[in-house]
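Single-letter residue listing:
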Amino acid sequence: MIRILLADDHAIVRAGLRALLDSGLAETDSADIEVVGEVATAEDSVAFCATTQVDLVLMDLRFGPGKSGAEATAALRELPAPPNVLVVTNYDTDADILGAIEAGAVGYILKDTPPAELLAAVRSAADGESVLSPSVASRLMTRVRKPDTTLSPREIEVLRLVADGHSNREIGKRLFLSETTVKSHLVHIYSKLGVKSRTSAVARARERGAI
């Protein structure tokens, strides 16, 4: 039996995932999956798994105030008996995907995944196998094939702060970097994106879905 925790801040999404799992099990005449709980915050997912046996967490990425899904995933993987984590989200930017995988998620699928594929993903992720939606896999392959034009996680962090209107000095303080290092990151960002200004860099990155 695969014991599942649903972690999403929208009750209607949790209900939808539960219904998809139930309907998929009914169609296959199987009973190997059990939803043992639902939580609305990233912090609650960690607290729940610290006291209850869970094999797999279906984790959203963005919960509003508090921890993100990626941060919760990292915390879950540090538990004495860590569950596997399958990210189920609407977001598929490079930064989101890399952040979740680097945090320890075994899979990353989108919420529009058909029920049959969701069930297959759940079973594979519960066994620790890597599971990726086709669009997500395509993004990762693009990064591998074109590493010279792909922003690193740190460059994405810098560019996100640029997009929020922070100066080089403010970015340095937030990321514990010198202004010189921030400027160096920006030079590399401009080169990779083929732009010459902060505004153009933010616009190009958004076009590519990098931020």
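Structure: above.
Along every chain, residues carry numbers that run from 1 in the direction the sequence is written. In keeping with the predicted nature of the model, local features appear solely for residues at pLDDT of at least 70, side-chain atom pairs appear and are counted solely at 80 or more, and the whole-chain, interface and lining totals rest on all residues. Think of the side-chain values as coming from all heavy atoms in the structure, minus any hydrogens and water.

Trainee: I'd like to hear about the sheet that holds strand E6 (residues 131-132), residue by residue, with values.
Mentor: Two strands in a sheet stick together by hydrogen bonds in their backbones, pointing the same way (parallel) or opposite ways (antiparallel). Two strands are said to pair when DSSP picks up at least two bridges between them. A run of H or I in DSSP counts as a helix once it spans at least four residues, and a run of E counts as a strand once it spans at least two, with each numbered from the N terminus. Strand order in the open sheet made by the six strands is E2-E1-E3-E4-E5-E6, with parallel pairing throughout. Of all strands in the sheet, those with a lone pairing partner are strand E2 (33-39) and E6, marking the two edges. Note: strand E3 (residues 56-59) against strand E4 (residues 84-89), four bridges, orientation parallel. Within E4, the position partnered with Leu 56 by the bridge is Asn 84. In what follows, residue pairs with any heavy atoms lying within 4.5 Å of each other are defined as contacts. Here the axes come from fitting lines to C-alpha atoms, over the contacting stretch only for helices, and the angles between their N-to-C directions go from 0 to 180 degrees. Relative to the sheet, helix H2 (residues 42-51) contacts strand E1 (2-7), E2 and E3, its axis offset from that of E2 by approximately 130°.

Trainee: Go over the pattern of salt bridges with me, naming the residues and quoting the values.
Mentor: We define a salt bridge as a side-chain nitrogen of Lys or Arg found within 4 Å of a carboxyl oxygen belonging to Asp or Glu. For the coordinates displayed, the defined rule picks out 12 salt bridges. The partner of Arg 169 in a salt bridge is Glu 179, with the nearest N and O atoms 3.2 Å apart. One end of the pair, Arg 169, is in helix H8 (residues 168-175); the other, Glu 179, is in helix H9 (residues 179-193), and 10 residues separate them in sequence. Relative accessibility decides the category of a residue: with a 1.4 Å probe and only protein chains considered, values under 20% of the type maximum give buried, values over 50% give exposed, and everything between is partly exposed. Owing to a relative accessible area of 52%, Arg 169 belongs among the exposed residues under this scheme. On the accessibility criterion, Glu 179 (33% relative accessible area) is partly exposed. Sharing partners across several salt bridges, the network here consists of Asp 8, Asp 60 and Lys 111.

Trainee: With reference to specific residues and values, describe the packing of aromatic side chains.
Mentor: To pair, rings of Phe, Tyr and Trp, with the six-membered ring standing in for Trp, must have centres within 6.5 Å; the planes then decide the type, stacked if under 30 degrees apart, edge-to-face if over 60, and tilted in the middle. One pass over the structure, following the stated rule, counts zero aromatic pairs. Just above the ring of Tyr 91 sits the side chain of Arg 62; from NZ or CZ to the centre is 3.7 Å. Counted as over-ring charges are cases with an Arg CZ or a Lys NZ within 6 Å of the ring centre that also lie within 35 degrees of the ring normal.

Trainee: Outline the pairing of E3, listing residues and values.
Mentor: Of the two faces of E3, the one lined by Leu 56 and Leu 58 and the one lined by Val 57 and Met 59 are each fully buried. Of the strand pairs in this sheet, E1 and E3 are connected by four bridges, and their pairing is parallel. In the sheet register, Ile 4 faces E3, and the bridge partner there is Leu 56. By convention, orient the strands away from the viewer: a clockwise path from the first strand over the helix to the second makes the crossover right-handed. With helix H3 (residues 69-77) bridging E3 and the parallel E4, this β-α-β connection has right-handed handedness.

Trainee: How would you sum up the layout of surface pockets? Please name residues and give values.
Mentor: In this analysis a 1.4 Å probe is tested at points of a 1 Å grid over the protein atoms alone, and where it fits but cannot get out there is a cavity; an open set with protein on both sides within 12 Å along at least five of seven lines is a pocket; lining residues have an atom within 4 Å of a point. Grid points are joined across faces, edges and corners, and a volume is the space filled by probe spheres set on the points. Volume-wise, the largest pocket comes out at about 570 Å³. In terms of lining residues, the largest pocket is bounded by 24 residues, among which Ser 68, Ala 95, Asp 96, Gly 99 and Arg 160 are the most central. By residue number, the principal contributor to the lining of the largest pocket is helix H4 (residues 94-103), which donates seven residues. Split into classes, the residues belonging to the lining of the largest pocket amount to 10 nonpolar, five polar and nine charged. Residues were grouped as follows: Ala, Val, Leu, Ile, Met, Phe, Trp, Tyr, Cys and Pro as nonpolar; Asp, Glu, Lys and Arg as charged; and all remaining residues, including Gly, as polar.

Trainee: How would you summarise the environment of Lys 67 if you had to cite specific residues and measurements?
Mentor: Looking at the element boundaries, Lys 67 is found in the loop between E3 and H3. Separated by 22 residues in sequence, Lys 67 and Thr 89 have C-alpha atoms that sit 15 Å apart. Ignoring any residue separated from it by four or fewer positions in sequence, one finds Lys 67 in contact with Ala 42 and Glu 43.

Trainee: Describe the side chain of Asn 84, naming the residues involved and giving the relevant values.
Mentor: Positionally, Asn 84 belongs in strand E4. On the accessibility criterion, Asn 84 (14% relative accessible area) is buried. When neighbours within four sequence positions are excluded, Asn 84 is seen to be in contact with Asp 55, Leu 56, Val 57, Arg 77, Val 106, Ala 125, Ala 126, Asp 127 and Gly 128.

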